[in-house]
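Take a look at the letters that make up each chain.
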Amino acid sequence: MGMGSDMYRQQILDHYKNPRNYGELEEATFSHAGENPMCGDEITIDVQLDEDEEVIERVAFRGDGCAISQASASMLSKELTGMTVEEMQELDRDDVIDLLGVDISPMRVKCAVLAEKVVQDGAEIYEGEKELEKTTTEEDD
Amino acid sequence: MGLQKSDALSPERIREDFPILQREFDGEQVVYLDNGATSQTPNQVIDAIADYYRNYNANVHRGIHQLSQEASEAYEEAHDTVAEFVGAEGREEMVFTKNTTEAENLVAYAWGLNELGPGDEIVLTEMEHHASLVTWQQIGERTGADVKYIPVTDEGYLDMDAAAELITDDTEMVSVLHVSNTLGTVNPVAELADIAHDHDSYIFVDGAQAVPNRPVDVKDIDADFYAFSAHKMLGPTGIGGLYGKADLLAELEPFQYGGGMIRKVSFDETTWHDVPWKFEAGTPLIAQGVGFAEAVEYLEDLGMDKIRRHEEALAEYALDRMAEFDDIEVYGPTDPTDRSGLVSFNLDNVHAHDLTSILNDSAVAIRAGDHCTQPLHDKLGVAASARASFYVYNTPEEIDKLIEAVDDARQLFA
């Protein structure tokens, strides 16, 4: 078997067919969407943080796309629960590929890391908005 | 029977000219069905390019020495060979560009930016490739000209009634695909040229998917401009042809400036060289030009009518095989004589990229994605599709392998 089918081990197919944490969070602290325009993979991730906004309490995602992108989102959603925002921001490409547990062919890496990128971008934008709000409030004072 | 035999291509014989088709991946011989993206290159073309570098490599047009004379002659004659292949007069109607996209940009910049303004209209089609769609969209934004699109019917044809209404006296340019790279549809470009000309509009035809697989005569079509790429017709990458009517090309402003495209330069002003050199600034695509001409000669030896029939037969066979399965959705016309040898499709519940990764295990190479037609895919309601595209060396047995490999994906995702 070549690399293609190796990518589609049972775990990947299971997460693709039965995605975990699929849906929306009503009390999301932040939500962010992203896509790979070339493939048409789309993912939206909702994240609910604890009161101090340091720890990820709940994650939900929804989307459409290839098995690699959707399974990656499903597996990442489990992994992120309980993680601090700081830890989440430190995740990189290799962590995601380790999580998937299969060799990802070079042309498919961007499918694998889409969910990671979406959640990290979403957190960054949220932090930025919080900062801005703080500055604006201070200025108003 | 003898007549019938010589009437058809012999892919088994042709394959001998293509060393790459002997490649194996994990013991499986490659099944190359991605010819719409790029075709493979026969020994004859590889040898012609190697012969140029080994024996007469020199810069063209400017050397007095023997090597430069030989290179210049070969490069200039390549224009004539390619021109005549599509029914043009000769080099005065054939510009070598980097590819079809650059040809589209050449006309868009040299003509569109200079001539268009608010109130003018550019008419494209909904099946347009990004090469034309994005280029004219930008020209529209910069000049204030409106861009309109001829709709595609559910059956994958251009809506010609709508075309007749969309093309008006305000239309200055109609830019259409001869053959859709996604649907395979062969568009009635001669009819569209008539409509365009009735309204004093120019027509640019993108023939990237047509010239490789059917006889094309730019004069019969009455195209004002007609573009295609060498690498989709057994030639090298990095070169394409832009046909333009001689008087239009003569009037057109240059697209790029520099050496080779000038006649006389002073500190204050410059006059331009003759067509086509006016449009080929800097050291041109000499080795590629030599390879391009060789590819054209190879295709002529095979016979373009035979190639068209071969493509239709493979398309028909692929459509028939795919029709055996309810979970395969095929896009484009169902009549194989209305389409070229490419079939875009989706397998239910399997994303085109997953499908293509799995096909790769069986050494079956096809394309997956939006094929540079995102708006058309939006209209089809899918983000991506898989595309098998055939050429002179492909066989029905290879389509069987494709169908088998698709079944592997079906089983895996079941």
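None of the values given here were measured: they were computed from a predicted structure.

A. View of the overall build of chain A. A count of helical and extended segments in chain A gives 7 helices and 3 strands. Beginning at the N terminus, the succession of helices and strands in chain A can be written as α-α-β-β-β-α-α-α-α-α. On C-alpha atoms alone, chain A measures out to a radius of gyration of 16 Å, which is about the 14 Å that the 2.2 N^0.38 rule sets for 141 residues. For chain A, the proportion of its 141 residues judged to be buried stands at 37%. Pairs at least 24 residues apart make up 66% of the contacts formed inside chain A by residues separated by at least 6 positions.

B. Focus on the pairing of strand β10 (residues 240-244) of chain B. All names here are of chain B. Taking burial as the measure, the 5 residues of β10 include 5 buried ones, the bulk of the element. Here β10 shows no split at all, with Gly-240, Leu-242 and Gly-244 on one side and Gly-241 and Tyr-243 on the other all buried. Sheet analysis places strand β4 (residues 94-97) next to β10, joined by 4 bridges and oriented antiparallel. Paired with Val-95 across the bridge in β10 is Leu-242. Pairing between strand β9 (residues 225-229) and β10: 5 bridges, direction antiparallel.

C. Inspection of the packing of helix α5 (residues 100-115) of chain B against helix α6 (residues 130-143) of chain B at higher detail. Residues and elements named next belong to chain B. Their axes nearest at 9 Å, the elements α5 and α6 cross at an angle of 20 degrees. Comparing their axes, α6 and α5 come out roughly parallel. Our pair here, α5 against α6, has a crossing hand that is right-handed. Taking contact as the criterion, the partners of Thr-100, Thr-101, Glu-104, Asn-105, Ala-108, Gly-112 and Leu-113 in α5 are, on α6, Ala-131, Ser-132, Thr-135, Trp-136, Ile-139, Arg-142 and Thr-143. Taken together, the residues of the contact of α5 with α6 break down into 5 nonpolar, 7 polar and 2 charged.

D. Structural context of the sheet that holds strand β3 (residues 56-64) of chain A. Residues and elements named next belong to chain A. Strand order in the open sheet formed by 3 strands is β1-β2-β3, and the pairing between neighbours is antiparallel. Each edge of the sheet is formed by a strand with only one pairing partner; in this case those strands are β1 (30-36) and β3. When the angles between neighbouring strand axes are averaged without regard to direction, this sheet yields 15 degrees. Inspection of the sheet shows strand β2 (residues 41-49) paired to β3 by 8 bridges, in the antiparallel sense. The partner of Val-47 across the bridge, within β3, is Val-59.

E. View of the domain arrangement of chain B. Residue and element names in this part refer to chain B. Examined at the domain level, chain B breaks down into domain 1 (2-32 + 303-413) and domain 2 (46-301). Contacts between the two partners involve 22 residues from domain 1 and, on the opposite side, 23 residues from domain 2. Counting only elements with at least two residues in the side of domain 1 that touches domain 2, the list comes to α12 (304-323), β14 (342-347) and α14 (374-380). A per-element tally of the side of domain 1 that touches domain 2 places α12 first, with 6 residues. For the side of domain 1 that touches domain 2, a count of residues per class yields 10 nonpolar, 6 polar and 6 charged.

F. Structural detail: the interface of chain B and chain A. Contacts between the two partners involve 15 residues from chain B and, on the opposite side, 17 residues from chain A. Grouping the constituent residues of the side of chain B that touches chain A by class yields 6 nonpolar, 5 polar and 4 charged.

G. Here's a closer look at the packing of helix α3 (residues 43-55) of chain B against helix α11 (residues 286-302) of chain B. Residues and elements named next belong to chain B. Where α3 meets α11, the axes come as close as 8 Å, and the angle between the chain directions of the two elements is 150 degrees. Judged by the angle between their axes, α3 and α11 are roughly antiparallel. Where α3 crosses over α11, the two elements pack in a sense that is right-handed. Between α3 and α11, the contacting residues are Gln-44, Val-45, Ala-48, Ile-49, Tyr-52 and Tyr-53 on the first element and Ala-287, Val-290, Gly-291, Glu-294, Ala-295 and Tyr-298 on the second.

H. Local environment of the nonpolar core. Residues and elements named next belong to chain B. Ranked by internal contacts, the top residues of the largest apolar core, which has 158 residues, are Val-290 and Leu-355. Broken down by element, the residue count for this core peaks at 9 residues, all from α11. No fewer than three residues from each of domain 1 (2-32 + 303-413) and domain 2 (46-301) sit in this core. Setting aside chain neighbours within four positions, we find Val-290 in contact with Ala-48, Ile-49, Tyr-52, Ala-74, Tyr-75 and Ala-78.

I. Quick look at α12 of chain B. Residues and elements named next belong to chain B. The terminal C-alpha atoms of α12, which comprises 20 residues, lie 28 Å apart, in line with the 28 Å expected from a rise of 1.5 Å per residue. Along α12, the positions that sit buried rather than exposed are Ile-307, His-310, Glu-311, Glu-312, Leu-314, Ala-315, Ala-318 and Leu-319. In this fold, the buried residues of α12 make contact with α11, β13 (328-331), β14, β17 (385-389) and α15 (396-413).

J. Region of interest: α15 of chain B. Residues and elements named next belong to chain B. Helix length check: α15 (18 residues) gives 26 Å between terminal C-alpha atoms against 26 Å at 1.5 Å per residue, within 8%. Here α15 has its buried residues at Glu-398, Ile-399, Leu-402, Ala-405, Val-406 and Ala-409. Along the long axis of α15, the arc covered by the buried residues comes to 120 degrees, so they all point the same way. Turned more than 90 degrees off the buried face of α15, the exposed positions are Glu-397, Glu-404, Asp-407 and Gln-411. Buried positions along α15 lie against β3 (31-32), α12, β14, α13 (352-361), β15 (364-365) and β17.

K. Main features of the sheet that holds β4 of chain B. Residue and element names in this part refer to chain B. Ordered in space as β4-β10-β9-β8-β7-β5-β6, the 7 strands form an open sheet in which the pairing is mixed. Looking along the sheet, the strands with just one partner apiece sit at the ends: β4 and β6 (146-150). On average, each strand axis in the sheet is inclined to that of its neighbour by 20 degrees, with strand direction left out of account. When strand β5 (residues 121-125) meets strand β7 (residues 171-177), the two strands line up parallel, connected through 3 bridges. Note on β7: the bridge partner recorded for Ile-122 is Met-173. Packed on one face of the sheet, α6 meets β5, β6, β7 and β8 (202-206) and runs near 160 degrees to β5.

Criteria and thresholds
- As a convention, each chain's residues are numbered from 1 in the sequence order in which they are written.
- Key to labels: chains lettered from A, ligands numbered from 1, both in the order written.
- Under the rules for a predicted model, residues below a pLDDT of 70 receive no local features and side-chain atom pairs below 80 are neither given nor counted, while totals for whole chains, interfaces and linings still include all residues.
- The way it works is that DSSP assigns letters per residue, a run of H or I at least four long becomes a helix, a run of E at least two long becomes a strand, and they are numbered from the N terminus.
- The globule rule used for comparison is 2.2 Å times the number of residues to the exponent 0.38, while the radius of gyration itself is calculated over C-alpha atoms.
- Exposed residues have 12 or fewer other C-beta atoms within 10 Å of their own C-beta, buried residues have 20 or more, and partly exposed residues fall in between, where C-beta atoms are placed from the backbone.
- Each residue gets a C-beta atom placed from its backbone, and two residues are in contact if those atoms lie within 7 Å.
- Any two strands between which DSSP finds at least two bridges are classified as paired.
- Axis lines are fitted through C-alpha atoms, for helices just across the contact stretch, and the angle between N-to-C directions can take any value from 0 to 180 degrees.
- Every angle not falling under 35 degrees, over 145, or within 65 to 115 is termed oblique; those three ranges are roughly parallel, roughly antiparallel and roughly perpendicular.
- By definition, turning the near helix anticlockwise from the far helix through less than a right angle yields a left-handed crossing, and turning it clockwise yields a right-handed one.
- Residue polarity is assigned by list, with Asp, Glu, Lys and Arg as charged and Ala, Val, Leu, Ile, Met, Phe, Trp, Tyr, Cys and Pro as nonpolar; anything else, Gly included, falls into the polar class.
- For every domain, the bounds stem from an assignment made automatically or drawn from a database.
- The term nonpolar core refers to a group of buried residues, namely Ala, Val, Leu, Ile, Met, Phe, Trp, Tyr and Cys, whose C-beta atoms join them within 7 Å.
- Given the number of residues in a helix, its expected span is that number minus one, multiplied by 1.5 Å.
- Throughout, the arc means the angular range of directions from the helix axis out to the C-beta atoms.

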